[in-house]
Amino acid sequence: MYPVWEGVVVHSAMFIAIIASFHVLVSHFTVAASWFNLLVERRAYHDKNPGLLEYIKKSAYGLLVFSYVFGALAGVGIWFSTTAGSPRGISTLIHNFVLYWGAEWYFFLIDVVGITAYYYTLGRIDKKNHLRLAWILAFGGTGTLAVIVGILGFVLTPGHWLVSGQSLDGFYNPSFFPQIVMRFAVMFGVTSIWSIYVASRMPANSPNREDIVRIASVVGLSGFLIAFLVWRLWYLAILPDHARTVLASAAIPSITVPLIETTLGITVLFLIAAFANPRVVRTDLSIVVFIALFLGIFGAERVREVMRKPDMVAGYLSSNQLIFTGLRAREIPSETEPLNRSGVIGNLPYLMPSTQSDPHARELEEGHLLTVQECASCHSVSTQTEFRIGDRTIALRSLAALLAARGRHTPDEIAAYIAGIGSFPYMHAVVGNDHDRHAIATYLASFEAATVGKSPLAQLSASGGTTR
Amino acid sequence: MNPAHLLHAARDPLGSPLPASIFQYLLVATFSLHIFFITLAVGASFTVLLAFWNRNSSEHFRSFARVCARIVPNSIGFGVVTGIAPLLFVQTIYDSAWYTANALEGFWSILFIFIVSAAYSLSYLFYLRGAKDGKLVWSSAISLLLICAAGAVMHLLSTVSIQPQNWLAWYRPHGIVDTSGTAIHAFVPARYAFLLFGQATISLAVVMLLFGWYFGRRTDADRGFVEWVADHGRHLGLIATPIYALLGLAWAATQGIAVHLAIPMAIAVLLISVMLLAIFMSKQPIQRLAFQALGAWFVALLGIGVVRETIRAQVLGGFGDSVATYPYHLDWGAISFFLVTTVLGVTVLLYLIRVMYESGTSANEVEISAGTDRIGRLSINLFIVWFLLFIITAVTVAVHGAMQSAGP
């Protein structure tokens, strides 16, 4: 068990989500761009059309300068953000899959060294070897996809791993096949915007510009169509019942689905327009569509994350960073069962009893510790992770706001409420004994009072004596 | 709750898929590669600033600064990618220490990636828009500051991770839990200065010698310039090595004393310094000297990597957290996956490096050698084999899992 980092101004979970979405955007278009470049370069040699190499030069340069490095940086960023915000979640993945990630590292190296070789040797080595570099980049990128999909799928559908404890069972999990096909298809959708962006920077009178825009549009529309079909007909079908229930629940913010649909609609319309009339393509428009795609990916990745609530690894590790179901094959016991019997305070390393002499102050301090430990990975539990835009307070499912909206203000009302949260599909029951639950309720009442100002504890909180 | 209990309680119950000592070796080896690129970025950035801020700098100096302007973003990029491997391995065998440090310093941990991104972007901005005539040199200066800041964050995480005796007090100062991760809890200036600046000058000196060797063979290269770079590389090595030694001794005299390793650290630094001085003083032709310097420098980086690791092992071992006792569960599926990919990865990387090397031997189009061509063919074939194995394993595991789940 580790200390908790809540975040500063922005909640730690949102840091993870923003960095991860950027990584998905960049890595997706990078992988498929390597295939698209291969297609264009082959065509250039086959049709004896060296003009197409102008596109290759521009695309490779963009990939070299921007996407490979920023893709890697954002990938490292995910590690740092999850390490700080969700250490036991990433620890479970690392201790299962470190050697798979080690294997993926070779693909990263191949990608970065490969794009450097690919760009700098264009026109400086023979066509056969340069085309071979294009194949290597395409294979290398696809290798990274193949590895990461196994790890990504594991958290939602660990499958037979829950019985065998073997990493191969977790890696080739039930959602592995549909997800790899779906993501591979989405990549071509995303990269089509990249290709159109690159083509838009070619001279307007270039005879190849319209050709590339049309090919990219077809590739992109096909990619999105295939991905959509896989999502509807294959991926949804293999999802566990629990994930489908959460998908239809209030856990998915109401804005998320319209956001995904709107941004996907904008992208598809752009691709249709580009195919119908390649001259409408402009650099600034491509960038706008890229931004729209980022928002769509942000929404989609949030859905993927929320679907496994209340777990980090479905059926094993919950969002409060505790192993709630042991793994018999590896002789790992449940951590929550003994804590429910003996209480959390005093039985986890960073949750030692308060030394305050005043009973109320002691309960508040312990309640704060417990709330941070049990709730902070999904909720704002203090004003530290809030910010204001005009009259609006932006927070991540602030518990103060949620409790106020449900008319729960006093410690007793809140204690009664949190006693029942285990019945929600996206929540586990609070871990601990009655003392722990009451301490959490006391802290939350104080937090609500200080934030929303509707509780009798507001004055006490405002006096500064309750947030310790 | 004592530090030993904190460390023990946080260990992941899944354990390591290999004996932890193997990851320890891999950690040191890959960190050495990573720190080479990072320190090279720092050294090259300094060169850019010195050349373009001094109006009286020679034309050769400015020409080399333009080369450095290209080296900086590439080094940051390679530094990031090579840094992934040690990041994986440190999390595996030092999970308790590493994750605690990241949680306690969460704000800085998150900020790290934004700092590196900005440093990379600014260094590219200078390379694209400023390297020709020295305009926008401010972008290079800020980039350098940011690289140093990123190094400081890594230093902070490493230093906090080996102070378990303070973790509880840092998390709950005066009983009040601090979940902001903004406090800078530990910093050892001598260690930071040695690892970043002490090593930066030597990395740059070695690369200058390599530049002299590589471009010295090109008939179209400006011989005077190439010789100037090689000579100055040798001189830089001679000047930088004593500074490197002094900074290393300062590190031994501060953190070394605190962890009871001052004498072995001082001996290691002095031995490395003597070896480096011998190389830089050597009058060998550049063709031999460059490779000797590169080899010696990697030995030195490995040696310092071992020192870093010894400090960590000494401190955490004192609290009963030893790599030797880290639980492991041999995971043959994962081991096979990694080894098969290693064969592929090493072959493909060899091909890529040889292609780049051969393509740079002339200003004109180059015919790739038959040997390299064969490695290229092998690379593609290995990729095909890898994907076939990947799919066969996926189907086999999926069918086996489904049969097991269905029961008898």
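Note: the structure precedes this text.
Residues numbered from 1 in each chain as written. Chains lettered and ligands numbered in written order. Predicted model: local features only at pLDDT ≥ 70, side-chain atom pairs only at ≥ 80, totals over all residues. Heavy atoms only, no water.

Student: Teacher, can you tell me more about the overall build of chain B here?
Tutor: Each helix and strand in chain B was counted, giving 13 helices and zero strands. The order of α-helices and β-strands along chain B, N terminus first, is α-α-α-α-α-α-α-α-α-α-α-α-α. The C-alpha atoms of chain B give a radius of gyration of 24 Å, which matches the 22 Å a tight globule of 408 residues would have. For chain B, the spread of C-alpha atoms along the three principal axes comes to 75 × 55 × 40 Å. (Helix = DSSP H or I, 4+ residues; strand = E, 2+ residues; numbered from the N terminus. Rg over C-alpha atoms; globule rule 2.2 N^0.38 Å.)

Student: Is there a simple way to explain the overall build of chain A in this structure?
Tutor: Looking only at helices and strands, chain A features 17 helices and six strands. For chain A, the C-alpha radius of gyration of 25 Å lies close to 23 Å, the compact-globule estimate for 468 residues. Projecting the C-alpha coordinates of chain A onto the three principal axes gives extents of approximately 85 × 55 × 40 Å. Across the 468 residues in chain A, those meeting the buried criterion constitute 62%. A sequence separation of at least 24 residues applies to 72% of the contacts in chain A between residues at least 6 apart. Total accessible area on chain A stands at roughly 17,000 Å², and carbon and sulfur atoms take up 63% of it. (Buried < 20%, exposed > 50% of the residue type's maximum accessible area, 1.4 Å probe, protein only. Contact = heavy atoms within 4.5 Å. Areas by Shrake-Rupley, 256 points an atom, 1.4 Å probe, with all protein chains shown as cover.)

Student: Can you help me understand the interface of chain A and chain B in this one?
Tutor: It is common to report an interface's size as the accessible area lost on association of the parts. At the junction of the two partners, chain A supplies 95 residues and chain B supplies 109 residues. Summed over both partners, the interface of chain A with chain B comes to about 9,000 Å²; 73% of that surface belongs to carbon and sulfur atoms. A per-residue breakdown of the area chain A buries against chain B is headed by Phe80, His95 and Leu99 of chain A, which together make up 9% of the total. Counting across the interface, chain A meets chain B through three salt bridges. Between Asp373 of chain B and Lys128 of chain A there is a salt bridge, with its nearest N and O atoms 3.1 Å apart. Linking chain A with chain B are 25 residue pairs in polar contact (both at pLDDT 80 or more), by the criterion used here. Only strand 1 (7-8), helix 1 (12-46), helix 2 (52-85), helix 3 (87-120), helix 4 (127-156), helix 6 (167-171), helix 7 (176-200) and helix 13 (359-375) of chain A provide two or more residues apiece to the side of chain A that touches chain B. At 26 residues, the largest contribution of residues to the side of chain A that touches chain B is made by helix 3 of chain A. (Buried area = accessible area lost by both parts, 1.4 Å probe. Salt bridge = Lys/Arg side-chain N within 4 Å of Asp/Glu carboxyl O. Polar contact = N/O pair within 3.5 Å; in protein donor to acceptor, adjacent residues only side chain to side chain.)

Student: Sorry, what's going on with the packing of helix 10 (residues 262-281) of chain B against helix 11 (residues 286-318) of chain B here?
Tutor: The angle between the axes and the distance between the axes are what describe a pair of packed helices. Residues and elements named next belong to chain B. Where helix 10 meets helix 11, the closest approach of the two axes is 10 Å, and the angle between their N-to-C directions is 175°. Relative to helix 11, the element helix 10 lies roughly antiparallel. Two secondary-structure elements touch here, helix 10 through Met265, Ala268, Val269, Ile272, Met275, Leu276 and Ile279 and helix 11 through Leu289, Gln292, Ala293, Ala296, Trp297, Val299, Ala300, Gly303, Ile304, Val307 and Ile311. Classifying every residue of the contact of helix 10 with helix 11 gives 16 nonpolar, two polar and no charged. (Axes fitted to C-alpha atoms, helices over the stretch in contact; angles between N-to-C directions. Parallel < 35°, antiparallel > 145°, perpendicular 65-115°, else oblique. Nonpolar A, V, L, I, M, F, W, Y, C, P; charged D, E, K, R; others polar.)

Student: How should the pattern of salt bridges be read in this particular structure?
Tutor: All told, the structure shown has 20 salt bridges over all chains when counted by the stated rule. Put simply, Glu301 of chain A and Arg183 of chain A hold a salt bridge, and the shortest N to O gap is 3.3 Å. Here Arg183 of chain A lies in helix 7 and Glu301 of chain A lies in helix 11 (residues 283-306), a separation of 118 residues in the sequence. In this structure Arg183 of chain A comes out as buried when scored by relative accessible area, which is 7%. For Glu309 of chain B, the salt bridge is made with Arg312 of chain B, and the minimal N-O distance between the two is 3.0 Å. With Glu309 of chain B and Arg312 of chain B both in helix 11 and three residues apart, this pair spans about one turn of that helix. A residue is classified by how much of its surface remains accessible, and Glu309 of chain B, at 6% relative accessible area, is buried. According to the relative accessible area criterion, Arg312 of chain B is buried, its value standing at 8%.

Student: What is the right way to read the side chain of Thr92 of chain A from this model?
Tutor: Turning to its location among the elements, Thr92 of chain A is positioned in helix 3. Residues within four places of Thr92 of chain A in sequence aside, it is in contact with Val313, Tyr316 and Leu317 of chain A together with Asp12 and Leu14 of chain B.

Student: Looking at this structure, I do not really get the packing of helix 2 of chain A against helix 5 (residues 106-130) of chain B. What am I missing?
Tutor: Interaxial distance between helix 2 of chain A and helix 5 of chain B falls to 8 Å at its minimum, and their mutual angle equals 170°. By the criterion of interaxial angle, the relationship of helix 2 of chain A to helix 5 of chain B is roughly antiparallel. Contacts between helix 2 of chain A and helix 5 of chain B pair Tyr61, Leu64, Val65, Val69, Phe70, Leu73, Val76, Gly77, Phe80, Ser81 and Ala84 of chain A from the former with Gly106, Ser109, Ile110, Phe112, Ile113, Val116, Ser117, Tyr120, Ser121, Tyr124 and Leu128 of chain B from the latter.

Student: Whenever I open this one, the environment of Leu293 of chain A confuses me. Can you help?
Tutor: Residues and elements named next belong to chain A. Summarising the element assignment, Leu293 is placed in helix 11. Here the alpha-carbon distance between Leu293 and Leu264, two residues 29 residues apart in the chain, equals 7.0 Å. When sequence neighbours within four positions are dropped, the list of residues in contact with Leu293 reads Leu25, Val190, Ile193, Phe224 and Thr267.

Student: Looking at this model, I keep getting lost on helix 8 (residues 209-238) of chain A. Mind explaining?
Tutor: Count 3.6 residues to each turn of an α-helix, and residues three or four apart come out pointing the same way. All names here are of chain A. With 30 residues, helix 8 should reach 44 Å at 1.5 Å per residue; the first-to-last C-alpha distance of 42 Å fits that figure. Taking the largest bend as the criterion, helix 8 deviates by roughly 45°, centred on Trp231. All buried positions along helix 8 are accounted for by Arg209, Ile212, Val213, Ala216, Ser217, Gly220, Gly223, Phe224, Ala227, Val230, Tyr235 and Leu236. (Expected span 1.5 Å × (residues − 1). Bend = angle between axes of the 7 residues up to and from the residue.)

Student: What is the right way to read helix 13 of chain A from this model?
Tutor: An ideal rise of 1.5 Å per residue puts 24 Å on 17 residues; helix 13 of chain A measures up with 23 Å between its terminal C-alpha atoms. The buried fraction of helix 13 of chain A is high, at 14 of 17 residues.

Student: Explain a nonpolar patch on the surface to me, please; I cannot follow it from the model alone.
Tutor: Residues and elements named next belong to chain A. Side chains of Val181, Leu225, Ile226, Phe228, Leu229, Leu233 and Trp234 sit close together on the surface and give an oily, nonpolar patch of about 670 Å² of accessible area. Ranked by the residues each element gives to the nonpolar patch, the list is headed by helix 8, at six residues. Mapping Val181 onto the fold places it in helix 7. (Patch = residues over 30% accessible without salt bridge, like charges linked within 9 Å, V, L, I, M, F, W, Y side chains within 5 Å.)

Student: Would you mind showing me how to read the environment of Trp167 of chain B here?
Tutor: Position of Trp167 of chain B among the secondary structure elements: in helix 7 (residues 164-171). Taking the relative accessible area as the measure of exposure, Trp167 of chain B reaches 0% and is therefore buried. With 72 residues separating them along the chain, Trp167 of chain B and Asp95 of chain B place their C-alpha atoms 15 Å apart. Apart from residues no more than four positions distant in its own chain, Trp167 of chain B is found in contact with Tyr350 of chain A together with Leu6, Leu7, Ser96, Ala97, Thr100, Leu104, Val160 and Ser161 of chain B.

Student: How should I be thinking about the environment of Ile110 of chain A in this particular structure?
Tutor: Position of Ile110 of chain A relative to the elements: it lies in helix 3. The buried category is assigned to Ile110 of chain A, whose relative accessible area is 0%. For the pair Ile110 of chain A and Met182 of chain A, spaced 72 residues apart in sequence, the C-alpha separation works out to 24 Å. Every residue in contact with Ile110 of chain A, bar those within four places of it in the chain, is listed here: Ile115, Ile136, Leu137 and Gly140 of chain A together with Gly345, Val348, Leu349, Leu352 and Phe383 of chain B.

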